Amino acid sequence: MVLKVFFPSCCSSADSGILIGRWISEQKSAVVLAVLHFPFIPVQVKQYLGELQRVTKVSISVLGSWSNSKQEKEESLSEFLEDLGTIFSHEPWIQISKEGDSKFWSCSTLQKHSNNPKEEEIILVYYDQRKVMLSHLHPPLDTAAGRAEDASRLSAIFDTVARSRVLFMTDRYDEGPIKVTHWQSEGVEASILVELLKQASVPACLLLTFLLSLLSGICRSRVLKFWPLSFLWSKLSTCEQLGHRLQHLQAISSTRKAQSHTQLMRKANIFVSLLIDVALGILLMSWLYRKNRIGHLADTLIPVADHVAEELQDLLQWLMGAPAGLKMNRALDQVLGRFFLYHIHLWISYIHLMSPFIEMILWYVGLSACLGLTVALSILSDIIALLTFHIYCFYVYGARLYCLKIYGLSSLWRLFRGKKWNVLRQRVDSCSYDLDQLFIGTLLFTILLFLLPTTALYYLVFTLLRLLVVIVQGLIHLLVDLIDSLPLYSLILRLCRSYRLAAGVKFRVLEQQDGKPLRLLMQINPLSYGAVVQTYRLPTYSCYPKDSWASLCKKLFLGELIYPWKHKGDKQD
């Protein structure tokens with residue numbers, strides 16, 4: 001089997017010393033973790049390695065020697081490095097040397113205790129310790145299951161580097177008898193601001209958790225379970241979005257440590273999503289309250305509502321005549337037209353009654369943008385629903401009347417064929433009818449059939465109006481769900497530090513020459529942006545029905561009420 005030596009690229013310019021790392025016999029690989037420099041006392045080195053093994057649970061030992069001769073090769077140093085193999089007994093003893101600025105390194109092995117020493121083929125693999133440790137391609141650090149079966153896989157390399165975190169906590173500024181070179185030798189990565197934030201986050205999280213527990217207790221109280229409040233809480237998008245954000249705040253303010261990398265990324269994505277949401281909401285609020293835009297919006301709202309009402313009145317007048325040259329049932333046409341015109345009159349009266357308070361309502365609604373852009377968009381969706389409530393009523397009236405006639409015609413059609421619907425067994429059975437039942441059924445079928453075009457025309461027009469409102473609200477809900485579910489932290493991490501979201505590794509051949517070891521470079525292969533979104537996407541509070549086009553057309557034909565989205569836990573009527 002070929003001997004593979006995984007050498008950290010940060011140690012390529014280190015001074016001469018001994019190589020410490022882990023020997024993986026299952027795949028005949030040596031994972032070099034650091035270079036320990038001269039001078040040192042062998043007893044202290046063995047004590048240091050024993051302490052590392054106790055803390056990291058990794059069998060760290062001295063693998064060989066490293067020689068970096070920047071000038072001419074020193075014979076005494078090479079002999080001394082070879083003699084170290086008798087002090088630190090390891091089979092095989094790996095010797096890596098670099099002469100000056102040469103691109104090719106010499107790598108050999110010594111097997112003093114072997115009866116048949118022979119030349120082995122060696123592959124030298126360079127790897128970036130920092131990227132390998134932070135790539136999370138290794139198994140979970142707190143689980144030992146499956147470690148033995150992974151010993152023959154590449155994940156054992158990542159597991160070795162990840163578990164040796166304690167080794168990387170020492171740098172050249174530490175006072176001690178042991179001096180090592182690794183990826184943090186020039187100074188341990190740290191930030192005073194990060195450490196201060198870590199210390200301050202604990203009491204802040206405790207206070208926020210206490211406040212959120214009180215708020216969630218109020219939300220779960222029996223007062224909100226009574227009919228008016230429970231209905232509003234379940235139907236208004238604003239209440240659903242506030243409840244969704246409350247769950248997010250409880251998740252990120254929890255003092256429990258994340259058990260896995262996925263939970264940590266979820267908390268980070270929620271935190272960044274909340275920050276960006278609130279920042280966009282504050283920008284929107286500052287824009288609304290600048291140059292009296294709230295007053296201009298209130299002054300525009302009433303004329304727009306009057307214009308919509310006038311257009312609906314003109315549409316109803318057109319339907320009450322001969323729309324598109326169609327001959328309608330005049331009596332039913334006049335009844336339906338006057339019925340809907342009366343509703344429009346009531347709606348205009350309601351709008352003008354609320355007109356003095358609209359500016360004040362919009363002023364207080366604008367303050368809600370400080371809770372986030374998604375809350376402001378949810379309020380906008382609810383305002384659109386309230387302003388178009390008369391269109392929703394028209395759609396419900398037309399759909400119910402049309403549905404009643406469709407089901408009446410289908411029932412009477414079964415009567416002509418001597419059939420009936422068995423309610424208990426949910427099937428169509430044969431049935432015998434007398435002459436009076438057939439006569440009455442014929443009269444009712446004729447009446448419903450001739451009244452169907454008039455009802456169908458009103459239903460079609462109001463369904464199109466309702467779908468127009470639903471499309472606008474659906475676009476708003478899609479934008480809210482995009483802000484809620486988009487893993488912004490993961491995407492930023494993929495853009496700036498792609499190795500943190502790794503999908504695997506790839507090897508690139510650096511140089512190859514006869515008589516010299518093959519040199520490879522191990523690189524982290526990051527996840528694609530689509531895979532990042534799919535893996536770390538946050539759940540939303542809206543669930544969209546996955547109806548096919550055939551099912552949707554069937555519902556429209558039968559006059560069933562169509563809900564383009566619904567909240568989790570709701571049932572369609």
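Given the structure is predicted, the values throughout are model-derived calculations rather than measurements. All residue numbers refer to positions counted from 1 along the written sequence of the respective chain. Given that the model is predicted, a residue must reach a pLDDT of at least 70 before its local features are reported, and side-chain atom pairs must reach 80 or more before they are shown or counted; all residues, however, enter totals for whole chains, interfaces and linings. Water and hydrogen atoms were dropped before computing side-chain values, which therefore reflect all heavy atoms in the structure.

A look at the overall build of the protein chain
Here is step 1 of the chain: Broken down by element type, the protein chain carries 16 helices and 14 strands.
Here is step 2 of the chain: Counting only residues that meet the buried cut, the protein chain has 41% of its 573 residues in that class.
Here is step 3 of the chain: Note on contacts: a residue pair qualifies if any of its non-hydrogen atoms lie within 4.5 Å across the two residues. In the protein chain, the proportion of contacts linking residues at least 24 apart, taken out of those at least 6 apart, comes to 71%.
Here is step 4 of the chain: Note on areas: these come from Shrake-Rupley sampling with a 1.4 Å probe, and a residue is covered only by the protein chains present in the view. Of the roughly 33,100 Å² of accessible surface on the protein chain, 63% is carried by carbon and sulfur atoms. The helix count covers DSSP runs of H or I at least four residues long, the strand count covers runs of E at least two residues long, and both are numbered beginning at the N terminus. The rule is simple: take the accessible area with a 1.4 Å probe, protein chains only, and divide by the maximum for that residue type; under 20% is buried, over 50% is exposed, in between is partly exposed.

Brief notes about the UniProt feature "transmembrane region" (unreviewed entry) in the protein chain
Here is step 1 of the chain: UniProt positions are given in the numbering used here, feature names are shortened, and annotations may be inferred rather than shown by experiment. The feature "transmembrane region" (unreviewed entry), as annotated in UniProt, sits at residues 200-219, 270-289, 335-354, 361-388, 394-416, 437-461 and 467-492 in this numbering.
Here is step 2 of the chain: Structurally, residues 437-461 comprises 100% helix and 0% strand, and the distance from its first C-alpha atom to its last is 35 Å.
Here is step 3 of the chain: Secondary structure within residues 467-492 divides into 92% helix and 0% strand; the distance between the first and last C-alpha atoms comes to 37 Å.

Structural notes on the confidence of the model for the protein chain
Here is step 1 of the chain: Every residue is assigned a pLDDT by the predictor, reflecting its confidence on a scale from 0 to 100. With 77% of its residues at a pLDDT of 70 or more, the protein chain shows a mean pLDDT of 78.
Here is step 2 of the chain: Low pLDDT, under 50, characterises residues 565-573; the predicted model gives this stretch 27 contacts beyond four residues in sequence or across chains.

Some details on the nonpolar core
Here is step 1 of the chain: The criterion is simple. A nonpolar core is a set of buried Ala, Val, Leu, Ile, Met, Phe, Trp, Tyr and Cys residues joined through side-chain atoms within 4.5 Å. V31, V45, L49, V62, Y127, V161 and L167 are the most contacted members of the largest nonpolar core, which totals 38 residues.
Here is step 2 of the chain: When contributions to this core are tallied by element, the ones reaching two or more residues are β2 (17-24), β3 (29-37), α1 (42-56), β4 (60-69), β7 (122-127), α3 (129-134), α4 (155-163) and β12 (518-526).
Here is step 3 of the chain: For Y127, the residues in contact, after removing those within four places along its chain, are F6, F7, P8, S9, V31, V32, L33, V132, V161 and M522.

Examining the packing of helix α11 (residues 373-387) against helix α13 (residues 435-485)
Here is step 1 of the chain: A fitted line through C-alpha atoms represents every axis, and for helices the fit uses only the stretch in contact; the resulting angles, taken between N-to-C directions, go from 0 to 180 degrees. Remark: α11 packs on α13, axes separated minimally by 10 Å, with the N-to-C direction vectors making an angle of 165°. By the criterion of interaxial angle, the relationship of α11 to α13 is roughly antiparallel. The interaxial crossing formed by α11 with α13 has left-handed handedness. Contact residues: L373, T374, L377, S378, L380, S381, I384 and A385 in α11; V469, V472, Q473, I476, H477, L479, V480, I483 and D484 in α13.
Here is step 2 of the chain: The classification used treats Ala, Val, Leu, Ile, Met, Phe, Trp, Tyr, Cys and Pro as nonpolar, Asp, Glu, Lys and Arg as charged, and all other residues, Gly among them, as polar. A breakdown of the residues in the contact of α11 with α13 according to their chemical character gives eleven nonpolar, five polar and one charged. For classification, angles of less than 35 degrees are called roughly parallel, those exceeding 145 degrees roughly antiparallel, those between 65 and 115 degrees roughly perpendicular, and all remaining angles oblique. Less than a right angle of anticlockwise turn of the near helix away from the far helix marks a crossing as left-handed, whereas a clockwise turn marks it as right-handed.

Here's the deal with the layout of surface pockets
Here is step 1 of the chain: Approximately 950 Å³ is the volume attributed to the second largest pocket.
Here is step 2 of the chain: Among the secondary structure elements, those contributing two or more residues to the lining of the second largest pocket are α8 (261-288), α9 (293-320), α10 (330-367), α11 and α13.
Here is step 3 of the chain: When its residues are assigned to classes, the lining of the second largest pocket shows 28 nonpolar, four polar and one charged. Put simply, the grid is 1 Å and covers the protein atoms alone, a cavity is a trapped set of points that fit a 1.4 Å probe, a pocket is an open set with protein on both sides within 12 Å along at least five of seven lines, and lining residues have an atom within 4 Å of a point. Grid points are joined across faces, edges and corners, and a volume is the space filled by probe spheres set on the points.

A short note on the pairing of β4
In regular strands, side chains alternate between the two faces of the sheet.
Here is step 1 of the chain: Most of β4 is tucked away: nine of the ten residues are buried.
Here is step 2 of the chain: One bridge is not enough; two strands pair if DSSP finds at least two bridges between them. Pairing between β2 and β4: six bridges, direction antiparallel. Bridge pairing in β4 places G17 opposite W66.
Here is step 3 of the chain: In this structure, β4 lies alongside strand β5 (residues 93-99), joined through six bridges in parallel fashion. Opposite G64, over in β5, you have I94 as the bridge partner.

Let's talk about the packing of aromatic side chains
Here is step 1 of the chain: Classification of ring pairs uses Phe, Tyr and Trp, with its six-membered ring standing for Trp, and accepts pairs whose centres are within 6.5 Å; under 30 degrees between planes counts as stacked, over 60 as edge-to-face, and the remaining range as tilted. Taken as a whole and judged by the stated rule, the model has 16 aromatic pairs.
Here is step 2 of the chain: Aromatic pair F394 and F462: ring centres 5.2 Å apart, planes at 45°, arrangement tilted. Here F394, found in helix α12 (residues 389-416), pairs with F462, found in helix α13; they are 68 residues apart in sequence, far enough to count as distant.
Here is step 3 of the chain: Its relative accessible area of 2% is what places F462 among the buried residues.
Here is step 4 of the chain: On the basis of an interplanar angle of 5° and a centroid distance of 4.5 Å, the ring pair of Y402 and Y459 is categorised as stacked. Separated by 57 residues along the polypeptide, Y402 in helix α12 and Y459 in helix α13 bring together distant segments of the chain.

So, the pattern of salt bridges
Where charged atoms of side chains with opposite charge meet at close range, the side chains can pair.
Here is step 1 of the chain: Basic side-chain nitrogens of Lys or Arg form a salt bridge, by our definition, when they fall within 4 Å of a carboxyl oxygen of Asp or Glu. The tally for this structure, following the rule as stated, stands at three salt bridges.
Here is step 2 of the chain: Here R245 ties to D277 by a salt bridge, and the two come within 3.0 Å at their closest N and O atoms. Of this pair, R245 sits in helix α7 (residues 237-252) while D277 is found in helix α8, placing the two residues 32 residues apart along the sequence. Side by side, R245 and D277 carry an identical accessibility label, which is buried.
Here is step 3 of the chain: Across the pair R245 and D484 runs a salt bridge whose closest N-O atoms are separated by 2.9 Å.

Re unusual backbone geometry
Here is step 1 of the chain: Despite not being glycine, K28 has its phi angle at roughly 50°, a positive value.
Here is step 2 of the chain: Along the chain, K28 turns up in the loop between β2 and β3.
Here is step 3 of the chain: One non-glycine residue, K57, lies in the positive phi region at around 60°.
Here is step 4 of the chain: What makes K57 exposed here is its relative accessible area of 61%.

Things to note about the side chain of T109
Here is step 1 of the chain: Tracing the backbone through its elements, the reader meets T109 in strand β6 (residues 106-110).
Here is step 2 of the chain: A relative accessible area of 17% places T109 in the buried class.
Here is step 3 of the chain: Setting aside chain neighbours within four positions, we find T109 in contact with L3, P92, W93, I94, E120 and I122.

What about a nonpolar patch on the surface?
Here is step 1 of the chain: What goes into a patch is any residue over 30% in relative accessible area without a salt bridge, connected to like charges within 9 Å or, for nonpolar side chains (Val, Leu, Ile, Met, Phe, Trp, Tyr), within 5 Å. Residues F357, M360, I361, W363, Y364 and L367 make up a contiguous nonpolar surface patch of about 600 Å² in total accessible area.
Here is step 2 of the chain: With respect to the secondary-structure elements, W363 resides in helix α10.
Here is step 3 of the chain: Relative accessible area serves as the criterion here: at 40%, W363 is assigned to the partly exposed category.

Overview of the pairing of β2
Here is step 1 of the chain: Within β2, seven of the eight residues are buried, which leaves it mostly tucked inside the rest of the structure.
Here is step 2 of the chain: Across eight bridges, β2 lies against β3 in antiparallel orientation. What sits directly across from G17, in β3, is H37.
Here is step 3 of the chain: Linking β2 to β3, which pair antiparallel, is a turn of four residues; within it K28 sits at a positive phi near 50°.

Some details on the side chain of S273
Here is step 1 of the chain: Counting through the fold element by element, S273 comes out in helix α8.
Here is step 2 of the chain: What makes S273 buried here is its relative accessible area of 1%.
Here is step 3 of the chain: A distance of 3.0 Å separates a polar side-chain atom of S273 from the backbone oxygen of I483. Polar contact is defined as a pair of N or O atoms within 3.5 Å, subject to the rule that within protein one atom must be able to donate a hydrogen and the other to accept it, and that residues adjacent in sequence are counted only when both atoms are side-chain atoms.

A word on the packing of α8 against helix α14 (residues 488-496)
Here is step 1 of the chain: α14 packs onto α8 with a crossing angle of 100° between their chain directions and a minimal axis gap of 7 Å. Of the possible angle classes, the one that applies to α8 and α14 is roughly perpendicular. Two secondary-structure elements touch here, α8 through M265, A268, N269, V272, S273 and I276 and α14 through L488, Y489, S490 and L493.
Here is step 2 of the chain: Residue classes in the contact of α8 with α14 are distributed as seven nonpolar, three polar and no charged.

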